[in-house]
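Per-entry structural report
The primary structure of each chain is shown beneath.
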Amino acid sequence: MDPDADRVKAPRQYDSTRRRDRARRVGAHILEVAQGLFLRDGYGLTTVAAVAAAAGVSAETIYKTFGGKPGLIRAIQQSGLTGVGPVPAPERSDEMSAREMDPRAIVRHWAELTIEVAPRVAPITLLVRSAAATDPDMAALLSEINDQRLTRMHHNARRLADRGLLRHGMTTEQARDVMYAYTAPELYEILVSRQHWTLDQFAEFVFRGLAAELLAD
(Lines give C-alpha, C1' and ligand atoms only; values in the text may rest on other atoms or scores of the structure.)
Protein backbone atom coordinates (compact mmCIF):
# COMPACT_ATOMS: atom_id res chain seq x y z
CA MET A 1 0.00 0.00 0.00
CA ASP A 2 1.37 3.40 -0.96
CA PRO A 3 1.75 5.55 2.22
CA ASP A 4 1.49 8.66 0.06
CA ALA A 5 -2.08 7.73 -0.86
CA ASP A 6 -3.38 8.46 2.65
CA ARG A 7 -1.64 11.82 2.66
CA VAL A 8 -3.39 12.66 -0.59
CA LYS A 9 -6.83 11.59 0.65
CA ALA A 10 -6.74 13.28 4.05
CA PRO A 11 -6.89 16.90 2.82
CA ARG A 12 -9.81 16.05 0.55
CA GLN A 13 -11.73 14.47 3.45
CA TYR A 14 -10.95 17.45 5.66
CA ASP A 15 -11.98 19.91 2.97
CA SER A 16 -15.25 18.03 2.41
CA THR A 17 -16.10 18.14 6.12
CA ARG A 18 -15.25 21.82 6.29
CA ARG A 19 -17.43 22.56 3.28
CA ARG A 20 -20.36 20.69 4.81
CA ASP A 21 -19.96 22.53 8.10
CA ARG A 22 -19.81 25.86 6.31
CA ALA A 23 -22.88 24.97 4.23
CA ARG A 24 -24.81 24.14 7.42
CA ARG A 25 -23.81 27.42 9.02
CA VAL A 26 -24.72 29.41 5.92
CA GLY A 27 -28.05 27.59 5.66
CA ALA A 28 -28.89 28.25 9.30
CA HIS A 29 -27.99 31.92 8.86
CA ILE A 30 -30.22 32.22 5.79
CA LEU A 31 -33.15 30.68 7.66
CA GLU A 32 -32.69 32.99 10.63
CA VAL A 33 -32.62 36.05 8.38
CA ALA A 34 -35.54 34.81 6.29
CA GLN A 35 -37.69 34.13 9.34
CA GLY A 36 -37.14 37.67 10.59
CA LEU A 37 -38.13 39.15 7.24
CA PHE A 38 -41.16 36.91 6.76
CA LEU A 39 -42.51 37.68 10.22
CA ARG A 40 -41.83 41.41 9.83
CA ASP A 41 -43.01 41.98 6.27
CA GLY A 42 -45.28 39.03 5.56
CA TYR A 43 -45.00 36.25 3.01
CA GLY A 44 -46.15 38.21 -0.02
CA LEU A 45 -43.83 41.18 0.45
CA THR A 46 -40.73 39.16 1.31
CA THR A 47 -38.74 38.25 -1.79
CA VAL A 48 -35.88 35.82 -2.30
CA ALA A 49 -33.78 38.80 -3.42
CA ALA A 50 -34.48 40.59 -0.14
CA VAL A 51 -33.55 37.52 1.90
CA ALA A 52 -30.36 37.06 -0.14
CA ALA A 53 -29.34 40.69 0.33
CA ALA A 54 -30.01 40.62 4.07
CA ALA A 55 -28.17 37.31 4.50
CA GLY A 56 -25.21 38.33 2.35
CA VAL A 57 -25.60 35.50 -0.14
CA SER A 58 -26.74 35.24 -3.74
CA ALA A 59 -30.33 34.52 -4.71
CA GLU A 60 -28.96 31.54 -6.64
CA THR A 61 -27.65 30.08 -3.36
CA ILE A 62 -31.11 30.28 -1.83
CA TYR A 63 -32.78 28.69 -4.84
CA LYS A 64 -30.20 25.89 -4.96
CA THR A 65 -30.42 25.24 -1.22
CA PHE A 66 -34.10 25.76 -0.46
CA GLY A 67 -35.91 26.03 -3.80
CA GLY A 68 -37.39 29.48 -3.32
CA LYS A 69 -39.84 30.99 -0.86
CA PRO A 70 -41.97 27.89 -0.15
CA GLY A 71 -38.82 25.90 0.53
CA LEU A 72 -37.55 28.57 2.90
CA ILE A 73 -40.78 28.52 4.87
CA ARG A 74 -40.81 24.73 5.04
CA ALA A 75 -37.19 24.66 6.23
CA ILE A 76 -37.87 27.31 8.88
CA GLN A 77 -40.84 25.35 10.18
CA GLN A 78 -38.96 22.06 10.23
CA SER A 79 -36.01 23.65 11.99
CA GLY A 80 -38.33 25.02 14.66
CA LEU A 81 -39.76 21.58 15.35
CA THR A 82 -36.36 20.28 16.43
CA GLY A 83 -36.40 22.61 19.44
CA VAL A 84 -33.26 23.71 21.21
CA GLY A 85 -30.13 21.61 21.60
CA PRO A 86 -28.29 18.88 19.70
CA VAL A 87 -31.02 16.23 20.06
CA PRO A 88 -34.28 17.00 18.19
CA ALA A 89 -37.35 17.48 20.38
CA PRO A 90 -39.28 14.48 18.92
CA GLU A 91 -36.39 12.16 19.73
CA ARG A 92 -36.16 13.49 23.28
CA SER A 93 -39.91 13.09 23.64
CA ASP A 94 -39.83 9.46 22.52
CA GLU A 95 -36.88 8.60 24.74
CA MET A 96 -38.61 10.16 27.74
CA SER A 97 -41.99 8.52 27.17
CA ALA A 98 -40.32 5.13 26.73
CA ARG A 99 -38.53 5.22 30.09
CA GLU A 100 -40.87 7.33 32.25
CA MET A 101 -43.39 5.36 34.33
CA ASP A 102 -45.45 8.23 35.76
CA PRO A 103 -48.10 9.33 33.22
CA ARG A 104 -48.34 12.81 34.73
CA ALA A 105 -44.59 13.22 34.36
CA ILE A 106 -44.92 12.24 30.69
CA VAL A 107 -47.64 14.82 30.09
CA ARG A 108 -45.73 17.51 31.96
CA HIS A 109 -42.68 16.86 29.83
CA TRP A 110 -44.81 17.19 26.71
CA ALA A 111 -46.10 20.52 28.01
CA GLU A 112 -42.52 21.68 28.55
CA LEU A 113 -41.59 20.63 25.02
CA THR A 114 -44.58 22.62 23.78
CA ILE A 115 -43.18 25.87 25.17
CA GLU A 116 -39.77 25.00 23.73
CA VAL A 117 -41.13 24.48 20.23
CA ALA A 118 -44.20 26.74 20.03
CA PRO A 119 -42.36 30.11 20.09
CA ARG A 120 -40.30 28.91 17.12
CA VAL A 121 -43.07 27.18 15.15
CA ALA A 122 -46.38 28.90 15.95
CA PRO A 123 -45.57 32.30 14.37
CA ILE A 124 -44.38 30.76 11.10
CA THR A 125 -47.34 28.36 10.98
CA LEU A 126 -49.73 31.28 11.45
CA LEU A 127 -47.90 33.09 8.65
CA VAL A 128 -48.47 30.07 6.42
CA ARG A 129 -52.15 30.00 7.39
CA SER A 130 -52.53 33.64 6.41
CA ALA A 131 -50.73 33.20 3.09
CA ALA A 132 -52.64 30.00 2.29
CA ALA A 133 -55.76 32.00 1.51
CA THR A 134 -54.26 33.26 -1.76
CA ASP A 135 -51.15 31.15 -2.40
CA PRO A 136 -51.56 27.49 -3.52
CA ASP A 137 -48.04 26.58 -2.38
CA MET A 138 -48.78 27.84 1.11
CA ALA A 139 -52.16 26.09 1.15
CA ALA A 140 -50.40 22.83 0.36
CA LEU A 141 -47.77 23.49 3.01
CA LEU A 142 -50.41 24.30 5.62
CA SER A 143 -52.09 20.97 4.94
CA GLU A 144 -48.71 19.25 5.22
CA ILE A 145 -47.93 20.97 8.53
CA ASN A 146 -51.32 20.09 9.99
CA ASP A 147 -51.06 16.47 8.87
CA GLN A 148 -47.57 16.22 10.32
CA ARG A 149 -48.69 17.53 13.70
CA LEU A 150 -51.75 15.26 13.74
CA THR A 151 -49.54 12.25 12.96
CA ARG A 152 -47.19 13.19 15.79
CA MET A 153 -50.06 13.55 18.25
CA HIS A 154 -51.41 10.15 17.20
CA HIS A 155 -47.97 8.70 17.87
CA ASN A 156 -47.98 10.19 21.37
CA ALA A 157 -51.55 9.07 22.03
CA ARG A 158 -50.69 5.53 20.97
CA ARG A 159 -47.83 5.48 23.47
CA LEU A 160 -50.26 6.27 26.29
CA ALA A 161 -52.90 3.85 25.01
CA ASP A 162 -50.50 0.93 24.60
CA ARG A 163 -49.46 1.25 28.24
CA GLY A 164 -53.02 1.58 29.52
CA LEU A 165 -52.51 5.14 30.73
CA LEU A 166 -55.53 6.80 29.11
CA ARG A 167 -58.60 7.42 31.24
CA HIS A 168 -61.42 4.92 30.95
CA GLY A 169 -63.42 5.23 27.77
CA MET A 170 -60.98 7.47 25.90
CA THR A 171 -59.89 6.16 22.52
CA THR A 172 -56.52 6.73 20.92
CA GLU A 173 -58.19 8.93 18.32
CA GLN A 174 -59.84 11.11 20.97
CA ALA A 175 -56.55 11.45 22.83
CA ARG A 176 -54.85 12.39 19.57
CA ASP A 177 -57.42 15.11 18.92
CA VAL A 178 -57.10 16.53 22.45
CA MET A 179 -53.33 16.82 22.06
CA TYR A 180 -53.78 18.26 18.57
CA ALA A 181 -55.98 21.01 20.03
CA TYR A 182 -53.64 21.84 22.92
CA THR A 183 -50.65 22.13 20.58
CA ALA A 184 -52.48 24.31 18.04
CA PRO A 185 -50.61 27.49 17.09
CA GLU A 186 -53.89 29.37 17.47
CA LEU A 187 -53.96 28.53 21.19
CA TYR A 188 -50.43 29.85 21.61
CA GLU A 189 -51.40 32.96 19.67
CA ILE A 190 -54.41 33.67 21.90
CA LEU A 191 -52.80 33.13 25.28
CA VAL A 192 -49.14 34.07 24.77
CA SER A 193 -49.04 36.46 21.82
CA ARG A 194 -52.29 38.31 22.50
CA GLN A 195 -52.97 37.89 26.22
CA HIS A 196 -49.28 37.97 27.16
CA TRP A 197 -49.21 34.86 29.28
CA THR A 198 -45.72 33.79 30.23
CA LEU A 199 -44.39 30.56 28.77
CA ASP A 200 -44.46 29.00 32.23
CA GLN A 201 -48.14 29.90 32.59
CA PHE A 202 -48.86 28.46 29.18
CA ALA A 203 -46.98 25.24 29.99
CA GLU A 204 -48.95 24.83 33.21
CA PHE A 205 -52.21 25.39 31.32
CA VAL A 206 -51.29 22.78 28.71
CA PHE A 207 -50.19 20.31 31.39
CA ARG A 208 -53.33 20.66 33.49
CA GLY A 209 -55.58 20.45 30.46
CA LEU A 210 -53.90 17.38 29.01
CA ALA A 211 -53.71 15.62 32.36
CA ALA A 212 -57.38 16.25 33.08
CA GLU A 213 -58.54 15.14 29.64
CA LEU A 214 -56.23 12.20 29.01
CA LEU A 215 -55.34 10.51 32.28
CA ALA A 216 -57.24 8.53 34.83
CA ASP A 217 -57.77 10.17 38.22
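Our structure's up above, just so we're on the same page.
Below: a short report on this structure. Note that this is a predicted model, so its numbers are computed, not measured.

Rules used throughout
- Residues numbered from 1 in each chain as written.
- Predicted model: local features only at pLDDT ≥ 70, side-chain atom pairs only at ≥ 80, totals over all residues.
- Heavy atoms only, no water.
- Helix = DSSP H or I, 4+ residues; strand = E, 2+ residues; numbered from the N terminus.
- Buried < 20%, exposed > 50% of the residue type's maximum accessible area, 1.4 Å probe, protein only.
- Contact = heavy atoms within 4.5 Å.
- Areas by Shrake-Rupley, 256 points an atom, 1.4 Å probe, with all protein chains shown as cover.
- Arc of directions from axis to C-beta.
- Axes fitted to C-alpha atoms, helices over the stretch in contact; angles between N-to-C directions.
- Parallel < 35°, antiparallel > 145°, perpendicular 65-115°, else oblique.
- Nonpolar A, V, L, I, M, F, W, Y, C, P; charged D, E, K, R; others polar.
- Expected span 1.5 Å × (residues − 1).
- Core = buried A, V, L, I, M, F, W, Y, C linked by side-chain atoms within 4.5 Å.
- Salt bridge = Lys/Arg side-chain N within 4 Å of Asp/Glu carboxyl O.

Check the secondary structure of the protein and you find 10 helices and zero strands. Across its three principal directions, the C-alpha atoms of the protein cover 70 × 55 × 30 Å. Relative to its 217 residues, the protein shows a buried fraction of 39%. If you take every contact in the protein between residues at least 6 apart in sequence, the share linking residues at least 24 apart comes to 65%. Here the protein displays about 12,300 Å² of accessible surface, and carbon together with sulfur accounts for 54% of that area.

What follows concerns helix α8 (residues 172-182). Within the sequence span of α8, burial applies to T172, A175, R176, V178, M179 and Y182. Within α8, the buried residues cover an arc of 165° as seen down the axis, which keeps them to one side.

Time to look at unusual backbone geometry. Excluding glycine, residues mostly have negative phi values, and the peptide bonds linking residues are mostly trans. We note that H196 has phi near 60°; this positive angle belongs to a residue other than glycine. By the element assignment, H196 lies in the loop between α9 (185-194) and α10 (199-214).

Attention now moves to the packing of helix α6 (residues 103-131) against α9. When two helices pack together, you describe them by how their axes are tilted relative to each other and by the distance separating the axes. Put simply, α6 and α9 touch, their axes get as near as 9 Å, and they point 110° apart. Accordingly, the angle class assigned to the pair α6 and α9 is roughly perpendicular. From α6, A118, P119, A122, T125, L126 and R129 reach across to α9, where they touch P185, E186, Y188 and E189. Partitioning the contact of α6 with α9 into residue classes produces six nonpolar, one polar and three charged.

A few words now on the packing of helix α5 (residues 89-99) against helix α7 (residues 136-162). Here α5 crosses α7 at 10°, and the two axes come no closer than 11 Å. Put simply, α5 runs roughly parallel to α7. Across the interface between the two elements, P90, S93, D94, S97 and A98 of α5 pack against R152, H155, N156 and R159 of α7. Residue composition of the contact of α5 with α7, grouped by class: two nonpolar, four polar and three charged.

As a further point, take the side chain of T172. Relative to the helices and strands, T172 resides in helix α8. Note on T172: relative accessible area 9%, which makes it buried. Ignoring anything within four residues of it in the chain, the contact list for T172 reads H154, A157, R158, A161 and L166.

It is worth spelling out helix α4 (residues 69-81) at this point. Taking 1.5 Å per residue as the helical rise, α4 with its 13 residues ought to reach 18 Å, and the 19 Å between its terminal C-alpha atoms agrees with that figure. After α4 finishes, the residue G83 shows a positive phi value of roughly 75°.

What follows covers the nonpolar core. Of all hydrophobic cores here, the largest spans 34 residues; its most connected members are W110, L160, M179, F202, L210 and L214. Ranked by the residues each element gives to this core, the list is headed by α6, at 10 residues. Discounting residues that sit within four places of it in the chain, W110 has contacts with S93, M96, S97, N156, L160 and M179. Counting residues in hydrophobic clusters, the runner-up holds 26 residues, among them L31, A75, A131 and L141.

Before going further, it helps to examine the pattern of salt bridges. Per the stated rule, a full pass over the model turns up 14 salt bridges. D41 is paired through a salt bridge with R40; the nearest N and O atoms lie 2.8 Å apart. Residue D41 is classed as partly exposed on the basis of its relative accessible area, which comes to 30%. On the basis of relative accessibility, which here comes to 62%, the residue R40 falls in the exposed class. When salt bridges that share partners are traced, they join R129, E186, E189 and R194 into one network.

Glancing now at the environment of E189. Mapped onto the elements of the fold, E189 is located in helix α9. Sequence separation between E189 and R20 is 169 residues; the distance between their C-alpha atoms is 37 Å. With near-sequence residues (within four places) excluded, E189 lies in contact with L126, R129 and R194.

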